[in-house]
Amino acid sequence: MLKTFSLGGIHPPENKFSAGKQIEVMPVPAQVAIPIAQHIGAPATPVVQKGDTVKVGTLIAKSSGFVSTNIHSSVSGTVFKIDDIVDASGYKKAAIIINVEGDEWEESIDRSADLVKEITASPEEIIKKVGEAGIVGLGGATFPSHVKLSVPPGKTCDVLILNAVECEPYLTADHQIMLEKGEEIMVGTQILMKSLKVDKAIIGIENNKPDAIKHLTELASSYPGITVEPLKVQYPQGGEKQLIDACIKRQIPSGKLPIEVGAVVQNVGTTVAVYEAVQKNKPLFERVVTVTGKSVSKPSNFLARIGTPINNLIEAAGGLPEDTGKIIGGGPMMGKALTSTEIPVTKGSSGILIMKNEEAKRKKMQNCIKCSKCISACAMGLEPYLLMTLSDKQVWDRAEEEKIMDCIECGSCSYTCPSQRPLLDYIRLGKGKVGQIMRSRTK
Amino acid sequence: MNVVVITVLTLAILGTIAALVLYFVAQKFKVFEDPRIDQVEEVLPAANCGGCGFPGCRAFAEAMVKSDDISELNCPVGGADTMNAAAGILGKEIAASDPMIAVVKCNGTCDNRPKTNFYDGATSCAVAASLYAGDTGCSYGCLGCGDCVEACTFDAIEMDEKTGLPVIKDNCVACGACVDACPKNIIELRKRGPKDRRVFVSCVNKDKGGVAKKACSAACIGCKKCMKECPFDAITVENNIAYIDFNKCKLCRKCVAVCPTNAIHEVNFPPKKVKPAAEKPSAPKAETAKAEAKTSENITSSDDKNKEE
């Protein structure tokens, strides 16, 4: 019996069309737009000006606080301007726009493909390097990684969990990374283990990726302390709390972080980025993006530079199909519909999903029939139908009591609702308001 | 006979004891409530809208009775009449306040502001705003889902089917419920003005001129023409958006005429009569105004001729 998390969960169709497609390196675009807010936390502060020359890997925006991170140029060329562009949120936000000239990398970056196994950096140096390299959680949440690695005083960490679940339907970026960069993941895991001072690491993989499980299990045998844990397929297993529950049967109390139960979770893509940052001195300026969809002629996994317009990726995957109804940044469950094809790839872009007109259309909302399907589906044990009503009627104190802030926004409730009620949309709204109220109280 | 007497007596004694107990308890636990609160509440409109900033009319009446200085308090629904009546009861002074009305500062109609995408989510502006910037190129303007209409308890707002924008009717009492409900902050409470005449900038787009104009043909582009034209320094331009201070504005409507995008709206004015400038602005301007007037006179006279023919 395979392990999985204990509460709720759903089984959406997987539709992993791009599975097994080799990672293709995207050509460098003529111009990139690199947003300064690509992560959770304070936006970075630009350190370049119009007309400055930059190389690949040059620091262009500096971290502006503890929960914030550096941003590096993904191309070499001249800074064209710093201007507001529409990003994945649909709003205009500041970005550094660079005109590309050639492809010259910073000298400090080791561009050879050799695997560097020996870890010379001390734990403190590792955290410093991860912070400097601007690494964030590449699963899509984009939480700065150095913050996660800095275990707060008084807390201890005894296990590192690698998130290789990729429970979102359609997406295959992490799957492909595991197949192609297995060794790097192993060394990256060792680096993370060293920085956290733990001797145990678990790689959690859903068993719809048997090739990745086999490959990593073989590799793990030569690295002490790392085990691969095949998990039963169930959405949202990629959520931190669900993954910890599935792998080590520990439940995180409401409103607390994984460190409370002695665990730190990192995504496999992030682990490769950590390896590259620590061993190869390479900051985070490119990532693997899945471009997929039922109507896409060539679903693929691309290694794209941050700032590449998604249009380039869609073109490389066979162009935008005529009957496109929605373009979604991320997966179908948690992704956001994008308003333009000029939006750049950011650190959090795990995929671009193109949906056909008929499948993208929302059906008409009907009355709640109190069937409680959303309650059964909720992986956090919440009552989504109630939270929606409370948000709609603006009963914020009650919503807080009902633990609206525990919602991980996985969308299982909206997916499962037979009345097509936009449960998550309202809950997200309520979360924003209640969060605001709670923050104003602590001030 | 005896039984009847005993029964009546017992009941009478019990009743007396109960009445005495109740009387003393009532005296002991008596809550003194200023009778004036009831009187003031009587004159208030009983709309319980919260426009005064208090939870309901009773709370407002209490506040009026308790506070010595009531110049800060105002019931926007009842207006000056109600406030005078209430102040008369209390024998306190009220500050004169101008009647206000809500105005929608967006003119992004379907014609002015072409759609760039389609939204099919929940019909709530708050939800739409939490998801993205809107279905047009303007990320500041009206989302058109009607949260303001929902919020209005006076039935003073309705959505215009044609333009997709909310329209505020004359029975607006400026309670501010729609102002709070709008996630885009496009509704503002402004002075009603003499004869309900108002001039305001009907745009909130903070983008630079070109970008704003591209998204909406009726956007304020921050060109500052109105600011330069205004003889009363009522107009300020900040973040590429002009704002008319309704306390300084004298409703001369010069700004309306110079606005290149017609982003400044005039409400309830009679059609402008063009006559030789009476305000005596600087010489060259007066000349141009005269020239304009002449041409328009020519037009009208020729029109008249046509009619006569």
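Residues numbered from 1 in each chain as written. Chains lettered and ligands numbered in written order. Predicted model: local features only at pLDDT ≥ 70, side-chain atom pairs only at ≥ 80, totals over all residues.

(A) Highlighting the overall build of chain B. Per the secondary structure count, chain B includes 11 helices and 8 strands. Per-residue burial for chain B yields a buried fraction of 33% across its 309 residues. (Helix = DSSP H or I, 4+ residues; strand = E, 2+ residues; numbered from the N terminus. Buried ≥ 20, exposed ≤ 12 C-beta atoms within 10 Å, placed from the backbone.)

(B) Fine view of helix 1 (residues 123-132) of chain A. Residues and elements named next belong to chain A. Every buried residue belonging to helix 1 is among Ile-126, Ile-127, Lys-129, Val-130 and Gly-131, and all of these are buried. Where helix 1 is buried, its residues meet helix 2 (145-149), helix 4 (182-196) and helix 7 (268-280). Positive backbone phi, approximately 70°, marks Gly-134, located one or two places after helix 1. (Contact = placed C-beta atoms within 7 Å.)

(C) Spatial organisation of the UniProt feature "binding site: [4Fe-4S] cluster 1" (unreviewed entry) in chain A. Residue and element names in this part refer to chain A. Those residues carrying the UniProt feature "binding site: [4Fe-4S] cluster 1" (unreviewed entry) are Cys-368, Cys-371, Cys-374 and Cys-417 in this numbering. The greatest C-alpha distance among the annotated residues, which extend across 50 residues, is 10.6 Å, indicating that they converge on a single site. Mapping Cys-374 onto the fold places it in helix 10 (residues 373-377). With sequence-adjacent residues up to four places away left out, Cys-374 is seen in contact with Pro-384, Tyr-385, Cys-413, Thr-416, Cys-417 and Leu-423. With respect to the helices and strands, the residue Cys-417 is situated in the loop between helix 13 (412-416) and helix 14 (423-442). Setting aside its immediate chain neighbours within four residues, Cys-417 contacts Lys-373, Cys-374 and Leu-423. (UniProt positions renumbered as here; feature names shortened; annotations may be inferred.)

(D) Highlighting unusual backbone geometry. Residues and elements named next belong to chain A. Note the cis peptide between Tyr-235 and Pro-236, where omega equals -5°. Inspection of the secondary structure puts Pro-236 in the loop between strand 11 (226-231) and helix 6 (240-248). Positive phi, close to 60°, is recorded for Lys-403, a residue that is not glycine. Tracing the backbone through its elements, the reader meets Lys-403 in the loop between helix 12 (396-401) and helix 13. When the 16 C-beta atoms within 10 Å are taken as the criterion, Lys-403 is described as partly exposed. Positioned with a positive phi, Glu-409 is a non-glycine residue whose angle comes to about 55°. Mapped onto the fold, Glu-409 is located in the loop between helix 12 and helix 13.

(E) Quick peek at the pairing of strand 8 (residues 92-100) of chain A. Residues and elements named next belong to chain A. Alignment of strand 2 (residues 31-35) against strand 8, held across 5 bridges, turns out to be antiparallel. Its bridge partner being in strand 8, Gln-31 is matched across the sheet by Asn-99. Bridge analysis of strand 7 (residues 77-86) against strand 8 gives 9 bridges, and the strand direction is antiparallel. Along strand 8, the bridge assignment pairs Lys-81 with Ile-97. Between strand 7 and strand 8, which pair antiparallel one after the other, the connecting turn spans 5 residues, and Gly-90 there sits at a positive phi close to 90°. (Pairing = 2+ DSSP bridges.)

(F) Region of the structure containing the nonpolar core. Among the nonpolar cores identified, the biggest contains 179 residues, and Ile-161 of chain A together with Ala-219 of chain B are the most heavily contacted of them. When residues no more than four places from it in sequence are discounted, the contact partners of Ala-219 of chain B are Cys-138, Cys-203, Asn-205, Ala-212, Lys-213, Thr-261 and Ala-263 of chain B. If you look at the next biggest cluster of nonpolar residues, it comprises 13 residues, including Cys-52, Cys-57, Ala-61 and Met-64 of chain B. (Core = buried A, V, L, I, M, F, W, Y, C linked by C-beta atoms within 7 Å.)

(G) Just the sheet that holds strand 4 (residues 53-54) of chain A, in detail. Taken together, the 4 strands give an open sheet; going across it, the order is 2-8-7-4 (chain A), and neighbouring strands pair in antiparallel fashion. Two strands close off the open sheet at either side, each with one partner strand: strand 2 and strand 4 of chain A.

(H) Spatial organisation of the UniProt feature "binding site: [4Fe-4S] cluster 2" (unreviewed entry) in chain A. Residue and element names in this part refer to chain A. This chain's UniProt record puts "binding site: [4Fe-4S] cluster 2" (unreviewed entry) on Cys-378, Cys-407, Cys-410 and Cys-413. In summary, the annotated positions, though distributed over 36 residues, converge in three dimensions, the widest C-alpha pair being only 10.6 Å. Tracing the chain through its elements places Cys-378 in the loop between helix 10 and helix 11 (384-392). For Cys-378, the residues in contact, after removing those within four places along its chain, are Gly-8, Pro-384, Ser-412 and Cys-413. Among the secondary structure elements, Cys-407 is positioned in the loop between helix 12 and helix 13. Not counting chain neighbours up to four residues away, the residues in contact with Cys-407 comprise Met-380, Leu-382, Ile-427 and Lys-431.

(I) Geometry of the domain arrangement of chain A. Residues and elements named next belong to chain A. Here chain A is partitioned into domain 1 (123-280) and domain 2 (373-442). Here the C-alpha centre of domain 2 lies 28 Å away from the C-alpha centre of domain 1. On the domain 2 side, the residues contacting the 7 residues of domain 1 number 7 residues. The class makeup of the residues in the side of domain 1 that touches domain 2 is 2 nonpolar, 4 polar and 1 charged. (Domains from an automatic or database assignment. Nonpolar A, V, L, I, M, F, W, Y, C, P; charged D, E, K, R; others polar.)

(J) A look at helix 3 (residues 57-66) of chain B. All names here are of chain B. By the burial criterion, the buried members of helix 3 are Cys-57, Phe-60, Ala-61, Met-64 and Val-65. Axial view of helix 3: buried residues confined to an arc of 135°, hence all on one face. Contacts made by the buried residues of helix 3 are with helix 2 (35-43) and helix 4 (79-90). (Arc of directions from axis to C-beta.)

(K) Spotlight on the UniProt feature "binding site: [4Fe-4S] cluster 1" (unreviewed entry) in chain B. All names here are of chain B. Under the UniProt annotation, the feature "binding site: [4Fe-4S] cluster 1" (unreviewed entry) is placed at Cys-49, Cys-52, Cys-57 and Cys-75. These annotated residues cover 27 residues of sequence, and their C-alpha atoms all fall within 10.0 Å of one another, placing them together at a single site. Its location among the elements puts Cys-49 in the loop between helix 2 and helix 3. With 20 C-beta atoms packed within 10 Å, Cys-49 lands in the buried category.

(L) Spatial organisation of the interface of chain B and chain A. Across the contact, 12 residues belong to chain B and 14 residues belong to chain A. Class assignment for the residues of the side of chain B that touches chain A results in 6 nonpolar, 5 polar and 1 charged.

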